[in-house]
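# Chains, contacts and geometry: an overview
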Amino acid sequence: MASSSSTASSSTASPGKVSAGGAAVGSASSGDGGGGRGGRGGRSAGAVARVRRQLPTSPWLFAAPGLLVVAIFILYPFVSTVVNAFTDRRTLIPGEFVGLANFRELLHDEMFWIGLRNSTLYVLGVVPALVLLPLLLALLVQKNIPGIAFFRSAFYTPVVASIVVVGLIWVWLLDERGLVNSLLEAIGVGRVGFLSDQWLLLLSAMTVTVWKGLGYYMIIYLAALANVPRELHEAAAVDGAGAVRRFLTVTVPAVRSTMVLVGALSSVAAFKVFSEVYLMAGPGGGPAGEDTTLVMLVQRTGTGLTGRVGYASAISVVVFVVTVALMLLVLRADRKEDA
């Protein structure tokens, strides 16, 4: 009996020791874990402190390559053009400061006024078409019907095509022996001087610009039309509004801000037109140079070994001022409508 009691007591005491030892081991383990977390917390705090110390300079390091590109290819040419506009610099001659002499000469230069007239007519002829026609085109291709993806790609193809290739194709089409004149002659109309008449040449260049820009602005309008609530059209239809009335009362107000954007972009691009007219009219600017635009005049005046860089820079400054004025006029008109 005594021995069994001692055995029982020893067996009872053993678990107590084990449990005590286990508790001690657990306490040690938890202490180690706390120390590990404390160490990681200290390292994290140090890393955060280093990041905070780097924040004032790090953004400039990331932006430095882009700022360098802008400074070299945009800011420096702009400042150089403005400075040269007040000098008589030529291609191989540095030139001297002449004040406003170049701008006074512009007022008496017949070719400058011809270029200003053609550039202004280009804006008046191209911008309304590029504001309205891409919107109508976007409404046509907006619906999800079989095969509509093909037409969207077809309308956008001229945008990605090279302007040189596009210009040459249209020259071949509109030439006196081209496809269009051949068809007109076949039906008895006779040949038309699309590329030899002053006004027809300018109108042909406008047509090319509109044809090439339709797909680009169509994509912009598609993005805007996707945000127009369908409930507005349904409510207008319930009220008895037809397709034309829904277009004028629902679609146009919903995309008016996009129309302003398209108008501003197309105005600037039209006033600075060069490639279309240059390819179709040639370096001389059409018959007697009557189709010369301002940018063509800059290219013709400021290039070559005897190019008048200072005078061409003065024309460039005028082009810049007019384009900024066009954008401000469009934005002001938009603000008046909002008011």
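Before going into details, it helps to say that this report is about the structure given with it. Residue numbers here run from 1 along each chain, matching the order of that chain's written sequence. It should be noted that, the model being predicted, local features are given only for residues of pLDDT at least 70 and side-chain atom pairs only at 80 or more, the latter also being counted only at that level, while totals for whole chains, interfaces and linings use all residues. Derived side-chain values reflect all non-hydrogen atoms in the structure, with water molecules and hydrogen atoms excluded from consideration.

## A word on the overall build of the protein
Along the backbone of the protein there are 14 helices and zero strands. Secondary structure elements of the protein, listed N to C terminal, follow the sequence α-α-α-α-α-α-α-α-α-α-α-α-α-α. Residues counted as buried form 31% of the 339 residues belonging to the protein. Contact between two residues is taken to exist if any of their heavy atoms lie within 4.5 Å; hydrogens are not considered. For the protein, the share of sequence-separated contacts (at least 6 apart) that also reach a separation of at least 24 residues comes to 68%. Working note: accessible area of the protein is about 20,500 Å², and carbon and sulfur atoms make up 68% of it. Helix and strand assignments come from DSSP, with helices taken as H or I runs of at least 4 residues and strands as E runs of at least 2, each series counted from the N terminus. Three exposure classes are used, based on accessible area relative to the maximum for each residue type with a 1.4 Å probe and protein chains only: buried under 20%, partly exposed in between, and exposed over 50%. Each accessible area is a Shrake-Rupley estimate made with a 1.4 Å probe; only the visible protein chains count as cover when residues are assessed.

## Topic: the environment of Phe103
Structurally, Phe103 can be placed in helix α3 (residues 101-107). When its relative accessible area of 21% is taken as the criterion, Phe103 is described as partly exposed. The sequence separation of Phe103 and Ser313 amounts to 210 residues, and the corresponding C-alpha distance is 10.0 Å.

## Regarding the packing of helix α4 (residues 110-141) against helix α8 (residues 198-225)
Across the interface, α4 lies against α8 with an axial gap of 6 Å and an inter-helix angle of 40°. When the interaxial angle is binned, α4 and α8 end up oblique. You can see that α4 and α8 cross each other, and the crossing is right-handed. Classification used: nonpolar for Ala, Val, Leu, Ile, Met, Phe, Trp, Tyr, Cys and Pro, charged for Asp, Glu, Lys and Arg, polar for all others including Gly. Looking at the contact of α4 with α8, its residues break down into 24 nonpolar, five polar and one charged. Lines fitted to the C-alpha atoms define the axes, with helices restricted to the stretch that makes contact. Angles between their N-to-C directions range from 0 to 180 degrees. Each angle is binned into one of four classes, with values under 35 degrees roughly parallel, values over 145 roughly antiparallel, values of 65 to 115 roughly perpendicular, and all other values oblique. Handedness of each helix crossing follows the sense of rotation of the near helix against the far helix: counterclockwise by less than a right angle gives left-handed, clockwise gives right-handed.

## Points about the side chain of Thr251
Inspection of the secondary structure assignment puts Thr251 in helix α10 (residues 243-254). With sequence-adjacent residues up to four places away left out, Thr251 is seen in contact with Leu139, Leu225, His233 and Arg246.

## What about helix α2 (residues 58-84)?
Structurally, the α-helix is built with 3.6 residues per turn, so residues lying three or four positions apart point the same way. Each residue after the first adds 1.5 Å to the expected span of a helix. Here α2 is 27 residues long and its end C-alpha atoms lie 37 Å apart, about the 39 Å a rise of 1.5 Å per residue gives. A bend of about 45° at Ala64 is the largest found in α2, and the proline Pro65 appears one to four places after it. Note on bend: at a given residue it equals the angle between the axes fitted to the 7 residues ending there and to the 7 starting there.

## Brief notes about the packing of aromatic side chains
For Phe, Tyr and Trp, where Trp contributes only its six-membered ring, two rings pair if their centres lie within 6.5 Å, and the inter-plane angle classes them as stacked under 30 degrees, edge-to-face over 60, or tilted in between. Within the structure shown, the criterion is met by seven aromatic pairs. Residues Phe78 and Phe320 carry aromatic rings whose centres are separated by 5.2 Å and whose planes lie at 65° to one another, so their mutual orientation is edge-to-face. In this pair, Phe78 sits in helix α2 while Phe320 sits in helix α14 (residues 309-338), placing the two residues 242 residues apart along the sequence. The partly exposed category is assigned to Phe78, whose relative accessible area is 39%. As a reminder, the over-ring test applies to NZ of lysine and CZ of arginine, requiring each to be within 6 Å of the ring centre and within 35 degrees of the ring normal. Above the plane of the ring of Tyr311 lies Arg308, whose end atom (NZ or CZ) is 4.5 Å from the centre.

## Thoughts on the pattern of salt bridges
Side-chain pairs of opposite charge can arise where the charged atoms are in close proximity. Salt bridges are defined as contacts in which a side-chain nitrogen from Lys or Arg sits within 4 Å of a carboxyl oxygen from Asp or Glu. Following the criterion strictly, the structure yields three salt bridges and no others. For Arg191, the salt bridge is made with Glu185, and the minimal N-O distance between the two is 2.7 Å. The exposure class of Arg191 is partly exposed, given its relative accessible area of 44%. Take Glu185: its relative accessible area is 42%, and that puts it in the partly exposed class.

## Side note on a nonpolar patch on the surface
A cluster of nonpolar side chains, Phe78, Val79, Val82, Val83, Phe320, Val321, Val324, Leu328 and Leu331, forms an exposed patch at the surface whose accessible area comes to about 740 Å². Of the residues forming the nonpolar patch, the biggest block, five residues, is contributed by α14. A patch consists of residues exposed above 30% relative accessible area that lack any salt bridge, with like charges linked at up to 9 Å and nonpolar side chains (Val, Leu, Ile, Met, Phe, Trp, Tyr) linked at up to 5 Å.

## Considering the environment of Val171
In this structure, Val171 sits in helix α6 (residues 163-174). Residue Val171 is classed as buried on the basis of its relative accessible area, which comes to 17%. C-alpha of Val171 to C-alpha of Ser204: the two residues are 33 residues apart in sequence and 9.4 Å apart in space.

## What to know about the layout of surface pockets
Any residue with an atom within 4 Å of a point lines the site, the site being either a cavity, points on a 1 Å grid over the protein atoms alone where a 1.4 Å probe fits but cannot get out, or a pocket, an open set with protein on both sides within 12 Å along at least 5 of 7 lines. Grid points are joined across faces, edges and corners, and a volume is the space filled by probe spheres set on the points. In this structure, the largest pocket encloses a volume near 670 Å³. The leading source of residues in the lining of the largest pocket is α10, at five residues. Here the residues of the lining of the largest pocket are counted per class, giving nine nonpolar, four polar and four charged. Roughly 230 Å³ of internal volume is contained in the second largest pocket. In terms of lining residues, the second largest pocket is bounded by 13 residues, among which Thr209, Gly213, Tyr217, Ala269 and Glu276 are the most central. Those elements giving two or more residues to the lining of the second largest pocket turn out to be α4, α8 and α11 (256-271).

## Description of unusual backbone geometry
Residues other than glycine seldom take positive phi values, yet Ala288 does so here, at roughly 55°. Tracing the backbone through its elements, the reader meets Ala288 in the loop between α12 (275-281) and α13 (294-302). For Ala288, a relative accessible area of 73% corresponds to the exposed category.

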